[in-house]
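Okay, here's what each chain looks like letter by letter:
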Amino acid sequence: QQEIAPQSRNDERRVLSHLSVLEGAPPLSENWSLFDSNDALFTEARQAQAATVIFALSSNSQVESVARQIHALRRQRGSAMKIIVRESQGSVRATDERLLLGCGANIVIPWNAPLSRCLTLIESVQGQTFSRQVPQEIAILLESMQPLRLRGYQPWETFCDSVGALMNNTLLPKDGKGVLVALRPVPGIRIEQALTLCRPPRAGDIVTLGENRLVLFLSFCRIPDLDTALKHIFPLPVADIFSNRMVWYEDAQIAAEIVQMRAMQPEKWSKPLKMTADVAPVASQRHDDNARRRVPTLITLLSEPEGEPR
Ligand code: C2E
Ligand code: C2E
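What counts and how
Residues numbered from 1 in each chain as written. Chains lettered and ligands numbered in written order. Predicted model: local features only at pLDDT ≥ 70, side-chain atom pairs only at ≥ 80, totals over all residues. Heavy atoms only, no water. pLDDT = per-residue confidence, 0-100. Helix = DSSP H or I, 4+ residues; strand = E, 2+ residues; numbered from the N terminus. Contact = heavy atoms within 4.5 Å. Axes fitted to C-alpha atoms, helices over the stretch in contact; angles between N-to-C directions. Parallel < 35°, antiparallel > 145°, perpendicular 65-115°, else oblique. Left-handed = near helix turned anticlockwise from the far one by under 90°. Core = buried A, V, L, I, M, F, W, Y, C linked by side-chain atoms within 4.5 Å. Buried < 20%, exposed > 50% of the residue type's maximum accessible area, 1.4 Å probe, protein only.

Draft legend 1. Inspection of the confidence of the model for the protein chain at higher detail. On average, residues of the protein chain score 87 in pLDDT, and 86% of them are at 70 or above. Helix H11 (residues 274-277) is the least confidently modelled element of the protein chain, averaging 62 in pLDDT, while helix H1 (residues 38-45) averages 98, the highest of any element. Within the model, the stretch residues 1-7 combines pLDDT values under 50 with two contacts to residues more than four positions away or in other chains. In the predicted structure, residues 280-293 sits below a pLDDT of 50 and forms 23 contacts with residues beyond four places in sequence or in another chain. Interface confidence for the predicted complex, given as ipTM, is 0.93, next to a pTM of 0.83.

Draft legend 2. Examining the packing of helix H6 (residues 156-167) against helix H10 (residues 251-262) more closely. Relative orientation of the contacting elements H6 and H10 amounts to 155 degrees, with a least axis distance of 10 Å. Classified by the angle their axes make, H6 and H10 are roughly antiparallel. At the point where H6 passes H10, the crossing takes the left-handed sense. Contacts between H6 and H10 pair Trp-156, Phe-159, Cys-160, Asp-161, Val-163, Gly-164 and Met-167 from the former with Asp-251, Ile-254, Ala-255, Ile-258, Met-261 and Arg-262 from the latter.

Draft legend 3. Fine view of the nonpolar core. Val-53, Phe-55, Ile-70, Leu-73, Val-85 and Leu-100 are the most contacted members of the largest nonpolar core, which totals 28 residues. When contributions to this core are tallied by element, the ones reaching two or more residues are H1, strand E3 (52-57), helix H2 (63-77), strand E4 (82-87), helix H3 (94-103) and helix H5 (138-143). The dominant element in this core, judged by the number of residues it contributes, is H2, at six residues. Setting aside residues up to four positions removed in sequence, Leu-100 forms contacts with Leu-57, Val-63, Val-66, Ala-67, Ile-70, Val-85, Ala-105 and Val-108. In this structure, Tyr-153, Leu-195, Leu-209 and Phe-242 belong to the second largest nonpolar core, which totals 23 residues.

Draft legend 4. Molecular detail of the environment of Met-264. Its place among the elements puts Met-264 in the loop between H10 and H11. With relative accessibility at 10%, the residue Met-264 sits in the buried group. Met-264 sits 24 residues away from Asp-240 along the chain, and the two C-alpha atoms are 28 Å apart. Apart from residues lying up to four places away in sequence, Met-264 is in contact with Trp-156, Gly-210, Glu-211 and Trp-269.

Draft legend 5. A look at the environment of Met-261. Residue placement: Met-261 occurs in helix H10. On the basis of relative accessibility, which here comes to 2%, the residue Met-261 falls in the buried class. The residues touching Met-261, leaving out its near neighbours within four places in the chain, are Trp-156, Phe-159, Cys-160, Thr-208, Arg-213 and Val-215.

Here it is as structure tokens:
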């Protein structure tokens, strides 16, 4: 095991922390220094070597800037520094946590961990040496958070190409790229009509139609969260619209299903009703610094337009 030079561990016991981490409590010892912003904390940490540095994450819009600061510290200051992120409000996406860890954080402390547990977790990383590889360019990590720049209905071929390419993307976690679901409507509902009820709000969630099935790919969704995601996507209970569901969530299963889908004759593809096709397919929302979560808007269910063949 490699010994780290003694002078580089001088500040090992120092704790540089955002003020909010201690929830109003005074510094726990003379080793603690508190800062009222992540920027001030980052500036001080740039001189540190083996100290513990604790960022606060109070909204999802801060993820990218904190990620950049962590990446810079880890690349420039090395593996002895203990970098921690304390979530202070509501849950952030699992993909955000993965980004922070990928940039070099030792640990992300969830918002619902009480202060006492938070202190235990801070203690748990003492003496640790960071051993994961951090890419030189953060752009690689940011890009892998949203590899699919599409949303909503896609023609069959575009859908197969997009999901196929995603399965071959080695920057994305193995068996954690998302869930593929095929849904067959209940008798009396055509798939084109079912599609008018399918409104994926999240960029990266795409859908296509063929062989009397509606096929959805939900980016980064994990299998236990499938029902939660479907509730966000359909305004009615899914069991009222669809009688049968097939699900694939491991890379190999998804890739095999995409091979089957590609082999399907074009006559079996279906086109959406005109009104659904008019909805812009490309996701326009970006995660910028002023982003706030919006309140969901009401959805009006579409009836069959006049003149559409039954
Ligand atoms: P949640 O709303 O209970 O969703 C739990 C998990 O279900 C999400 O974990 C995600 O894996 C999946 N999921 C839910 N809705 C969708 C969807 O429309 N598309 C896809 N592909 N997956 C979906 P995740 O991403 O780790 O997020 C954790 C929690 O963070 C969410 O719990 C929610 O409370 C919050 N959150 C994340 N992103 C947003 C957002 O854009 N807006 C809002 N309002 N909350 C969000
Ligand atoms: P987006 O990813 O395209 O998501 C658009 C909308 O889908 C969100 O609007 C929210 O209404 C809904 N949504 C997506 N995922 C979830 C989820 O897991 N749970 C719930 N309950 N709703 C979900 P919103 O909240 O106004 O966000 C607008 C945009 O801001 C998002 O577009 C995304 O680009 C960014 N954003 C919001 N929250 C997060 C987050 O926690 N992490 C990241 N990385 N981006 C976020």
